[in-house]
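Overview (structure and organization)
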Amino acid sequence: MKIVTIGLGYIGLPTAIMFANYGQQVIGVDVQLEVVNSLQEGQVHIEEPGLQEALTRAITSGNFKAQTQVEQADVFIVAVPTPNKEDRYKSCDLMYVISAVNSLIPYLEKGNTVIVESTIAPRTTEDIILPLIEEAGFKVGEDLFLVHCPERVLPGEILQELRYNNRIIGGVTEACTKSGKEIYGIFVKGELISSSASAAELSKLMENTYRDVNIALANELAKIGDALAIDSLEVIEMANKHPRVNIHSPGPGVGGHCLAVDPYFISSMAPTVTPLIQQAREINSTMPAFIVEKVEELMEKIDGKKITVLGVTYKGNVDDIRESPALEIVDLLKEKRGYELSIFDPHVEKEWIEKEFKQSVVDSDLLLVLTDHDEFKTIDVDQLTLMRQKVVFDTKNIFEKKPEIKLISLGNLSSI
Ligand code: SAJ
């Protein structure tokens, strides 16, 4: 089978490589020439465990190549970004999806299958993509097949989850779903769930919304703990021992290109019936400002000047800084509050990031933990000797209590 994947980012690239390593002939297409060049030279451009080795295998077998041009194939997979529009409701911007679909239409032939993996607002496949294809003269479900098959893999675990997660196959007709199942059956070991395109779209969005709302509840609980001087982290730990409770973890905010984006795709389509979803977004997106407020209180109390920030990615063990609450916090602390800042993140290479942890803590009054990279979990007191004061504000709950350290977490904010 010949497959063209359009979009070689966090989802499109692993998917393309996976099909190639399962014996399919795959052409990966991206509009960014530097991405294509780097892949042609055998180098992945994103950090994801196992991906480099998988690319090397795919290239060596001759089953994968990258290019900027779409060409004829049996299957077309669209995995391009869908950002929020800058409108009032932050609705789904389909610009890249429409452009990708338009780029493949000239190559369509009878019997082809078009799959959209990009996360899209509910009803997009049927109301927007289907007409584009039918205007080109094809009857979907008869001449060719159209499927929404949302990606649901967790960054950091992509290769494992691509294979073992259950996969929703949302066909525009039953024949479309059947075709989608045959294609993903090539490597997916989880259940292939037959559905419609619209239900598949909403399911994907609700999965991320469920997580966003649950995190908002945890963040609200951290604020309740602060207001009432009760350890909210201890409360969460105990509550989660109840067999039907699973409160998520509070943190400095919700980032990445999924949870901080997708809930708006639902609320913008149904704004009057989504107060809970909108409120959760509001709670999570104001967490950085809340953390900065607490940092200010703490810095005033300890008469501090310099802050060392640990981690700027949107979560631990990834290199992705898109929609990162940590960056928003850095910006607020530096530009607006004028603290001296030193930033350390072993997963990100930028000129404003310290190369050495040891160097980043020199004369620091506060270690502000914003990301739970594994590297930070093993930091011990000896590595903090160069700090002016050994105060740690750990927003990710990864530091152990030690007598030599004054440790503030989201569980004991009231002790500031
Ligand atoms: N976070 C918290 N508290 C938590 C869990 C997460 O504050 O208890 C924060 C993280 O620090 C991060 C953000 O939420 O800033 C999102 O992280 P995440 O690990 O929840 O999710 P993503 O964005 O990396 O991936 C999610 C996943 N969705 C679900 O778990 C329902 C993944 O399976 C999806 O494929 C992905 O979105 C996507 O592409 O949509």
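Residues numbered from 1 in each chain as written. Predicted model: local features only at pLDDT ≥ 70, side-chain atom pairs only at ≥ 80, totals over all residues.

The name given to the chain in an unreviewed UniProt entry is UDP-glucose/GDP-mannose dehydrogenase C-terminal domain-containing protein, with Carnobacterium divergens DSM 20623 as the source organism. Its UniProt record, at the heading Sequence similarities (unreviewed entry), says of the chain: "Belongs to the UDP-glucose/GDP-mannose dehydrogenase family." (UniProt positions renumbered as here; feature names shortened; annotations may be inferred.)

1. So, the pairing of strand β8 (residues 192-196)
Two elements, strand β7 (residues 167-171) and β8, share five bridges in a ladder whose sense is parallel. Bridged to R167 within β8 is L192. Remark: the β7/helix α7 (residues 174-184)/β8 crossover connection has right-handed handedness. (Pairing = 2+ DSSP bridges. Helix = DSSP H or I, 4+ residues; strand = E, 2+ residues; numbered from the N terminus. Right-handed = clockwise from strand over helix to strand, strands pointing away.)

2. A look at the site of the ligand
As a matter of local geometry, the ligand sits amid 20 residues, with H248, S249, G251, G256 and C258 nearest to it. For the shell around the ligand, a count of residues per class yields eight nonpolar, seven polar and five charged. For the shell around the ligand, the two domains that each supply at least three residues are domain 1 (2-204) and domain 2 (205-285). (Near = placed C-beta within 6 Å. Nonpolar A, V, L, I, M, F, W, Y, C, P; charged D, E, K, R; others polar. Domains from an automatic or database assignment.)

3. Some thoughts on the pairing of strand β9 (residues 306-310)
Counted residue by residue, β9 has four buried out of five residues, so it is predominantly covered. Where β9 and strand β10 (residues 340-344) come together, five bridges link them in parallel fashion. From the neighbouring strand, V309 faces β10, where its bridge partner is I343. Remark: the β9/helix α13 (residues 325-336)/β10 crossover connection has right-handed handedness. Pairing geometry for β9 and strand β11 (residues 366-369), over four bridges, is parallel. Each bridged residue has a counterpart across the sheet, and for I307 the counterpart in β11 is L366. (Buried ≥ 20, exposed ≤ 12 C-beta atoms within 10 Å, placed from the backbone.)

4. Brief notes about the environment of L8
Structurally, the position occupied by L8 is in the loop between β1 (2-6) and α1 (12-21). Along the backbone, L8 and V80 are 72 residues apart, and their C-alpha atoms lie at a distance of 7.7 Å. The contact partners of L8, leaving out residues within four places of it in the chain, are L13, A16, G28, D30, V35, L39 and A66. (Contact = placed C-beta atoms within 7 Å.)

5. A few points about the packing of α1 against helix α3 (residues 51-60)
Two quantities define a packed helix pair, namely the angle between the axes and the distance from one axis to the other. Closest axis-to-axis distance for the α1/α3 pair is 9 Å, and the angle between their directions is 45°. If you check the angle between α1 and α3, you find them oblique. For the pair α1 and α3, the crossing hand works out as left-handed. Side by side, α1 and α3 meet where P14, I17, A20 and N21 of the first sit next to L51, A54, L55, R57 and A58 of the second. (Axes fitted to C-alpha atoms, helices over the stretch in contact; angles between N-to-C directions. Parallel < 35°, antiparallel > 145°, perpendicular 65-115°, else oblique. Left-handed = near helix turned anticlockwise from the far one by under 90°.)

6. Description of the packing of helix α8 (residues 197-228) against helix α9 (residues 232-239)
Closest axis-to-axis distance for the α8/α9 pair is 8 Å, and the angle between their directions is 130°. The angle between α8 and α9 falls in the class oblique. In this structure, α8 uses A218, L221, A222, I224 and G225 to contact α9, whose residues at the interface are S232, V235 and I236. Along the lines of polarity and charge, the residues of the contact of α8 with α9 split into six nonpolar, two polar and no charged.

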